[in-house]
Amino acid sequence: LRVTLVWTDPVPSYQSFRRLVNNLDLRVQDSKGNLYLGNQFEQRDEINGRYPVSDDLNNVEQIHLSSDRLVPGLHLIEVVGTDLGIGPQNFSLVISGSVSPRADALCSIESGCPYNR
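Residues numbered from 1 in each chain as written. Predicted model: local features only at pLDDT ≥ 70, side-chain atom pairs only at ≥ 80, totals over all residues. Heavy atoms only, no water.

A. Region of interest: the overall build of the protein chain. In terms of regular secondary structure, the protein chain is built from 0 helices and 8 strands. In the protein chain, the succession of α and β elements from N to C terminus is β-β-β-β-β-β-β-β. Residues counted as buried form 22% of the 117 residues belonging to the protein chain. Expressed as a percentage of contacts within the protein chain between residues at least 6 apart in sequence, the contacts between residues at least 24 apart total 65%. When the accessible surface of the protein chain is summed, it comes to about 8,300 Å², and 51% of that surface belongs to carbon and sulfur atoms. (Helix = DSSP H or I, 4+ residues; strand = E, 2+ residues; numbered from the N terminus. Buried < 20%, exposed > 50% of the residue type's maximum accessible area, 1.4 Å probe, protein only. Contact = heavy atoms within 4.5 Å. Areas by Shrake-Rupley, 256 points an atom, 1.4 Å probe, with all protein chains shown as cover.)

So this is what it looks like as structure tokens:
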């Protein structure tokens, strides 16, 4: 399973030190509650050990779950606008691999999502 999120980010101010004006985060949660983040980075500290960190540098994020990591069942896919300097932000979401989307699980801005939490 591959889930890819892309968007065209507005041009930042020439004085800005930030690479992204608008930051979107891709998240996938499997049926067992495992959470995967787009371009998942890992940090480590003495208190928490290893923990995942969201990507706030790139306007392309991907989650790849190989067949040995793929859990059967419904997966929740979320695009979260974590920092929108200039909004709203359009994006594209591509889901590929061996997937069978359920008709009642498809979402849109207009109709909402029955599994939104």
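B. Spatial organisation of the confidence of the model for the protein chain. Mean pLDDT over the protein chain: 81, with 79% of residues reaching 70 or higher. Averaged over each element, pLDDT in the protein chain is lowest for strand E4 (residues 41-45) (66) and highest for strand E1 (residues 2-6) (93). (pLDDT = per-residue confidence, 0-100.)

C. Examining the environment of Leu 37 more closely. Take Leu 37: it is sitting in strand E3 (residues 35-37). With a relative accessible area of 10%, Leu 37 lands in the buried category. Sequence separation between Leu 37 and Arg 27 is 10 residues, and the spatial gap between their C-alpha atoms is 4.7 Å.

D. Quick look at the side chain of His 75. With respect to the element layout, His 75 can be found in the loop between strand E6 (60-64) and strand E7 (76-84). At 3.5 Å, the side chain of His 75 forms a polar contact with the backbone oxygen of Val 71. Polar side-chain contacts of His 75 include one of 3.1 Å to the backbone oxygen of Gly 73. Not counting residues within four places of it along the chain, the set of residues in contact with His 75 comprises Leu 1, Val 28, Gln 29, Asp 30, Leu 65 and Leu 70. (Polar contact = N/O pair within 3.5 Å; in protein donor to acceptor, adjacent residues only side chain to side chain.)

E. Representation of the sheet that holds strand E8 (residues 92-96). As summarised here, the arrangement of the 3 strands in space is E6-E1-E8, forming an open sheet in which the pairing is antiparallel. Among the strands making up the open sheet, the edge pair consists of E6 and E8. Ignoring strand direction, the axes of neighbouring strands in this sheet form an average angle of 10°. As paired strands, E1 and E6 are joined by 5 bridges and run antiparallel to one another. Residue pairing for E6: Thr 4 is matched across the bridge by Gln 62. (Pairing = 2+ DSSP bridges. Axes fitted to C-alpha atoms, helices over the stretch in contact; angles between N-to-C directions.)

F. Spotlight on the nonpolar core. Residues Leu 1, Val 3, Leu 5, Trp 7, Leu 20, Leu 24, Leu 26, Val 28, Tyr 36, Ile 63 and Leu 65 constitute the largest nonpolar core, which totals 11 residues. Residue assignment for this core shows that the elements contributing at least two residues are E1 and strand E2 (22-29). Per-element accounting of this core gives the leading share, 3 residues, to E2. Other than its neighbours up to four places away in sequence, Leu 5 contacts Leu 24, Asp 25, Leu 26, Asn 59, Val 60, Glu 61, Val 79, Phe 91, Ser 92 and Leu 93. (Core = buried A, V, L, I, M, F, W, Y, C linked by side-chain atoms within 4.5 Å.)

G. Layout of the sheet that holds E2. Read across the open sheet, the 3 strands follow the order E3-E2-E7; overall the sheet is antiparallel. Both outer strands of the open sheet, E3 and E7, are each paired with one neighbouring strand and no more. Across the sheet, the mean angle separating the axes of adjacent strands is 25° when strand polarity is ignored. Strand direction decides the pairing type here: E2 and E3, joined by 3 bridges, are antiparallel. Each bridged residue has a counterpart across the sheet, and for Val 28 the counterpart in E3 is Tyr 36.

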